[in-house]
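# Geometric and topological summary
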Amino acid sequence: MAFQKDLYDAIVLGAGIQGCFTAYHLAKHGKSVLLLEQFFLPHSRGSSHGQSRIIRRAYPEDFYTQMMDECYQIWAQLEHEAGTQLHRQTGLLLLGKKEHPEFQTIQATLSRQGVEHQLLPSEELKQRFPNIRLTGGEAGLLDKSGGVLHADKALKALQDAVRQLGGILHDGEKVTEIKPGLPVTVKTTSRSYQAKSVVITAGPWTNRLLSPLGIQLPLQTLRINVCYWREKVPGSYGVSQAFPCFLSLGLDLAPHHIYGLPAGEYPGLVKVCYHHGNDADPEERDCPSAFSDNQDVQILCRFVRDHLPDLGPTPAIMEHCMYTNTPDKHFILDRHPKYDNIVIGAGFSGHGFKLSPVVGKILYELSMKLTPSYDLTPFRISRFPGLGKAHL
């Protein structure tokens, strides 16, 4: 096996959006960085593919809303550098009963953080968005800064930027071993590399890389059905009609959020999805026999029937994506409890794409042993019982 003699400042494992932003920040600061990806790019096996993601400041937690300020700035900077549009402002509409605890918490967070928003009582909601059917007592909360990120374009722009900044990207190269030490050795299917630090951003494959390093994180890997619904009248739920992204809180007694994006990526098709899925091994994601449970699609069909009457009753297209969830749905951004030059970014729980500019900055800071720009208390491994230093 060939051995690469260069000593990199950092090797980043996984070229999804989090790994790409980590490599971007490293390269921007003049660090020598190697970004490794097991699949040939572009690919649809992980969590960063597809054409669109929601961007929003609306969160129950202050810390995410605060992080989003800098995220918007970095997204705009990347857009400027790439010379291509990566973001479209549509507004984000929260739909729910005014007394719903999460609805109230998000409203309070937006107020506290000084984010421009508007409460829309039922009557006003009906007038503003007549093609959303209300079944009784729903209100709307409009986060005006919300919108759509063009995900595949953003990923490509970032990979190009990493290369332009002097970073090296190798795709189709799977990691077979990480040997801790100073330096860390990373073995792949084709050669070995050494670096002062390693950052693991491997999505649903994270625990496969961590297991030989003596740690397993409480990560649940889910296969998500990404559903697109045909407009009965083309354009009725489109951006031209000022239709926003939306997030439904607790309507139709759905245990998880339902979210939607205006028609755009596929003409005449609106993306409406359930924020949950079925347990899945990332290696077997595309084996249809493993996924007979379509409860999530049934929940969506009910929601579309009840609230979006101008869409067809069943999905016209269904794609798939992976979520890697933590028990509390907050990210893991931390150093390995035993090896402080191995950094882990994981558990993005289906809401990490919009926050990736700041996640990448934090992982860069951790890998270079700099003081993090944000309080990382919510993201530490030690919040999970039995996973602190003392247990290794």
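Whatever comes next refers back to the structure up there.
Residues numbered from 1 in each chain as written. Predicted model: local features only at pLDDT ≥ 70, side-chain atom pairs only at ≥ 80, totals over all residues. Heavy atoms only, no water.

### Some details on the overall build of the protein chain
Counting its secondary structure elements, the protein chain contains eight helices and 20 strands. In terms of C-alpha radius of gyration, the protein chain reaches 21 Å, essentially the compact-globule figure of 21 Å for 392 residues. Dimensions of the protein chain along its principal axes, counting C-alpha atoms only, are 65 × 45 × 45 Å. Out of the 392 residues in the protein chain, the part that is buried amounts to 55%. When contacts within the protein chain are restricted to residue pairs at least 6 apart in sequence, those whose partners lie at least 24 apart make up 74%. When the accessible area of the protein chain is evaluated, it comes to approximately 16100 Å², of which 51% is carbon and sulfur surface. (Helix = DSSP H or I, 4+ residues; strand = E, 2+ residues; numbered from the N terminus. Rg over C-alpha atoms; globule rule 2.2 N^0.38 Å. Buried < 20%, exposed > 50% of the residue type's maximum accessible area, 1.4 Å probe, protein only. Contact = heavy atoms within 4.5 Å. Areas by Shrake-Rupley, 256 points an atom, 1.4 Å probe, with all protein chains shown as cover.)

### Notes on the pairing of strand β16 (residues 269–274)
Extensive coverage of β16 is indicated by the burial of six of its six residues. The alternating pattern of β16 places Leu 269, Lys 271 and Cys 273 on one face and Val 270, Val 272 and Tyr 274 on the opposite face, and all of these are buried. With three bridges joining them, strand β13 (residues 220–230) and β16 adopt antiparallel strand pairing. Its bridge partner lying in β16, Tyr 228 is registered against Lys 271. Sheet analysis places strand β15 (residues 258–261) next to β16, joined by four bridges and oriented antiparallel. (Pairing = 2+ DSSP bridges.)

### Digging into the packing of aromatic side chains
All chains considered together, the criterion is met by 15 aromatic pairs. Relative to Phe 331, the ring of Tyr 64 lies with its centre 5.3 Å away and its plane at 55°, an arrangement referred to as tilted. Taken together, the positions of Tyr 64 in helix α2 (residues 62–82) and Phe 331 in the loop between β18 (317–325) and β19 (332–335) put the pair 267 residues apart, joining distant regions of the chain. You'll find Tyr 64 and Phe 331 in the same group, each marked buried. Note on Phe 331 and Phe 379: the rings are 5.9 Å apart at their centroids and 20° apart in plane angle, and the pair reads as stacked. Placement of Phe 331 in the loop between β18 and β19 and of Phe 379 in the segment after α8 (356–367) is noted, with a sequence separation of 48 residues between them. Phe 331 gets classed as buried once you look at its relative accessible area, which sits at 0%. Here a set of aromatic residues connected by ring pairs shows up, and it is made of Tyr 59, Phe 63, Tyr 64, Phe 331, Phe 348 and Phe 379. Positioned above the aromatic ring of Tyr 59, the side-chain terminus of Arg 56 is 4.2 Å from the ring centre. (Phe/Tyr/Trp six-rings, centres within 6.5 Å; stacked < 30°, edge-to-face > 60°. Lys NZ or Arg CZ within 6 Å of the ring centre and 35° of its normal.)

### A look at helix α5 (residues 151–164)
Here α5 contains 14 residues, and its C-alpha end-to-end distance of 20 Å stays within 8% of the 20 Å for a straight helix at 1.5 Å per residue. Buried within α5 we find Ala 151, Ala 154, Leu 155, Ala 157, Leu 158, Gln 159, Ala 161 and Val 162. Residues of α5 that are buried in the fold lie against α1 (17–28), β3 (52–55), α2, β8 (147–150) and β9 (168–170). (Expected span 1.5 Å × (residues − 1).)

### Quick notes on the sheet that holds β8
The strand order β3-β8-β4 describes an open sheet built from three strands, whose pairing is antiparallel. If you trace the sheet from one side to the other, it starts and ends with β3 and β4 (87–89), each paired once. The mean inter-strand angle of the sheet, taken between neighbouring strand axes irrespective of direction, is 25°. In terms of strand pairing, β4 meets β8 through three bridges, oriented antiparallel. Within β8, the residue paired with His 87 across the bridge is Leu 149. (Axes fitted to C-alpha atoms, helices over the stretch in contact; angles between N-to-C directions.)

### A few points about the pattern of salt bridges
Evaluation of the coordinates by the stated rule reveals 14 salt bridges. With a closest N to O distance of 3.5 Å, Glu 123 and Lys 126 form a salt bridge. With Glu 123 and Lys 126 both in helix α4 (residues 122–128), this residue pair falls three residues apart, about one helical turn. Owing to a relative accessible area of 40%, Lys 126 belongs among the partly exposed residues under this scheme. The salt bridge involving Asp 328 is made with Arg 383; its shortest N-O contact spans 2.7 Å. Pair noted here: Asp 328 is in the loop between β18 and β19 and Arg 383 is in the segment after α8, with a separation of 55 residues, a long-range link. Look at Asp 328 and you get partly exposed, because its relative accessible area is 32%. By relative accessible area, which is 24% here, Arg 383 ends up partly exposed. Three or more residues are tied together by salt bridges with common partners; here these are Lys 156, Asp 160 and Arg 163. (Salt bridge = Lys/Arg side-chain N within 4 Å of Asp/Glu carboxyl O.)

### Brief notes about the nonpolar core
Core analysis: the biggest nonpolar cluster contains 48 residues, and Phe 21, Trp 75, Leu 78, Phe 331, Leu 333 and Leu 355 have the highest contact counts within it. Counting residues per element, the ones that place at least two in this core are β1 (2–13), α1, β2 (33–36), α2, α5 and α8. Among the elements that take part in this core, α2 stands out by supplying eight residues, more than any other. Excluding residues that lie within four positions of it along the chain, Phe 331 makes contacts with Tyr 64, Ala 346, Gly 347, Phe 348, His 351, Gly 352, Leu 355, Val 359, Pro 378, Phe 379 and Arg 383. Ranked by size, the runner-up nonpolar core spans 28 residues in total, among them Leu 36, Val 175, Ile 178 and Val 198. (Core = buried A, V, L, I, M, F, W, Y, C linked by side-chain atoms within 4.5 Å.)

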